[in-house]
Amino acid sequence: MPLLETNGVASAPLMTSTQLARGAITVKGPDGYCIDPTTLRRTSSGGFAAIASCHIMSGGQNGPIVEPGLMTVTVSPTPGAAPSPKDLAQALGTTLLQSRELSALEVGRMATGGQTAFAGSDPTHWRGAFVIGPHLIGVTLYAPQNSPLLGAQGAAFLNTVSSAIRANAFTDRTASAEQSQSTFDPLARRLGRLFASNDL
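Worth saying up front: this structure is predicted, and the values here are computed from it rather than measured.

Reading guide: rules and limits
- Residues numbered from 1 in each chain as written.
- Predicted model: local features only at pLDDT ≥ 70, side-chain atom pairs only at ≥ 80, totals over all residues.
- Heavy atoms only, no water.
- Helix = DSSP H or I, 4+ residues; strand = E, 2+ residues; numbered from the N terminus.
- Buried < 20%, exposed > 50% of the residue type's maximum accessible area, 1.4 Å probe, protein only.
- Contact = heavy atoms within 4.5 Å.
- Areas by Shrake-Rupley, 256 points an atom, 1.4 Å probe, with all protein chains shown as cover.
- Expected span 1.5 Å × (residues − 1).
- Core = buried A, V, L, I, M, F, W, Y, C linked by side-chain atoms within 4.5 Å.
- Pairing = 2+ DSSP bridges.

## A short note on the overall build of the protein
Now for step 1: Assigned secondary structure in the protein consists of five helices and 10 strands.
Now for step 2: With 200 residues in all, the protein has 46% of them scored as buried.
Now for step 3: Excluding contacts between residues fewer than 6 apart, the proportion of contacts in the protein whose partners are at least 24 apart in sequence is 59%.
Now for step 4: Here the protein has roughly 9,200 Å² of accessible surface; of this, 50% comes from carbon and sulfur atoms.

As structure tokens, then:
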């Protein structure tokens with residue numbers, strides 16, 4: 001997979017940040033990690049971005065050497081609360097190995113499903129979701145087998161990106177207040193917004 005393989009030449013200019021949902025949500029990776037422009041999708045109400053090593057994606061031409069990993073950010077509309085790690089595990093049909101409540105979100109380490117992300121990726125992976133105003137943000141981190149990102153470092157990675165998203169979000173506070181008074185969608189509808197598009 002291009003995101004984790006050095007081929008000597010970057011296929012497209014790398015991006016350090018991007019905006020989704022008409023600029024309401026800004027996604028930026030930690031130092032050394034870039035947005036992959038080839039998989040980027042933007043819509044009026046959401047979008048999808050993948051984050052990986054700048055060094056690897058540029059064919060070794062840009063960025064420091066960092067731990068290989070693939071993080072995805074999915075943004076979609078939501079009228080309800082974010083699903084918990086337990087909800088996410090049930091939706092994926094897998095076992096929740098660990099749950100951690102961090103400053104920006106609650107994340108869970110899933111037992112299976114990560115092996116399909118890229119060649120050599122570990123089945124276990126981290127997932128979490130949180131709500132900002134009218135937006136549901138789902139974050140996932142995949143890593144190679146035996147990577148430190150499969151442990152606590154991976155949870156911290158998700159928290160760093162999610163904290164930056166929260167700090168830079170621009171939402172209609174009036175609409176957000178109205179949303180908080182509305183009836184929540186059933187769990188299946190909320191999870192469907194995160195998985196229906198078959199994102200990684």
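Next comes the rest of the description.
## Points about unusual backbone geometry
Now for step 1: Notably, Ala-21 is not glycine yet its phi reads approximately 55 degrees, a positive angle.
Now for step 2: Along the chain, Ala-21 falls in the loop between strand 1 (17-20) and strand 2 (25-28).
Now for step 3: The exposure class of Ala-21 is buried, given its relative accessible area of 4%.
Now for step 4: If you check the backbone angles, Arg-22 has positive phi at about 55 degrees while not being a glycine.
Now for step 5: Mapping Arg-22 onto the fold places it in the loop between strand 1 and strand 2.
Now for step 6: Residue classification places Arg-22 among the exposed residues on the basis of a relative accessible area of 74%.

## Some details on helix 3 (residues 152-168)
Because the α-helix completes a turn every 3.6 residues, residues three or four places apart line up on one side.
Now for step 1: In a regular helix each residue adds 1.5 Å, so 17 residues correspond to 24 Å; helix 3 covers 25 Å between its end C-alpha atoms and thus fits that length.
Now for step 2: Those residues of helix 3 lying buried are Gly-154, Ala-155, Phe-157, Leu-158, Asn-159, Val-161, Ser-162 and Ile-165.

## Brief notes about helix 2 (residues 85-92)
Now for step 1: Within the sequence span of helix 2, burial applies to Pro-85, Asp-87, Leu-88 and Ala-89.
Now for step 2: The positive-phi residue at the C-terminal boundary of helix 2 is Gly-93, with phi of around 70 degrees.

## Concerning the nonpolar core
Now for step 1: Counting residues in hydrophobic clusters, the biggest one holds 31 residues, and the most contacted among them are Ile-25, Val-27, Met-71, Val-73, Ile-137 and Ile-165.
Now for step 2: Going through the elements one at a time, strand 2, strand 3 (33-35), strand 5 (47-53), strand 6 (70-77), strand 9 (125-132), strand 10 (135-142) and helix 3 are the ones with two or more residues in this core.
Now for step 3: In terms of residues, this core owes the most to one element, helix 3, which gives five residues.
Now for step 4: If we ignore the near neighbours within four places in the chain, the residues touching Ile-25 are Thr-18, Gln-19, Leu-20, Val-75, Ile-132, His-135, Ile-137, Ile-165 and Ala-169.
Now for step 5: Among the nonpolar cores identified, the runner-up in size contains six residues, and Leu-70, Ala-117, Phe-118 and Tyr-142 belong to it.

## A short note on the pairing of strand 10
Now for step 1: The buried count for strand 10 comes to eight of eight residues, which makes it a mostly enclosed element.
Now for step 2: Here strand 10 shows a buried face lined by His-135, Ile-137, Val-139 and Leu-141 and a second buried face lined by Leu-136, Gly-138, Thr-140 and Tyr-142.
Now for step 3: In this structure, strand 6 lies alongside strand 10, joined through eight bridges in antiparallel fashion. Across the sheet, Thr-72 pairs through a bridge with Thr-140, a residue of strand 10.
Now for step 4: Note: strand 9 against strand 10, seven bridges, orientation antiparallel.

## Brief notes about the pairing of strand 7 (residues 96-101)
Now for step 1: Alignment of strand 7 against strand 8 (residues 106-110), held across five bridges, turns out to be antiparallel. Bridge pairing in strand 8 places Arg-100 opposite Val-107.
Now for step 2: Where strand 7 folds back onto strand 8 in an antiparallel hairpin, the turn is made up of four residues.

It is worth stressing that arrangement in space is one thing and function is another; only the former is reported here.
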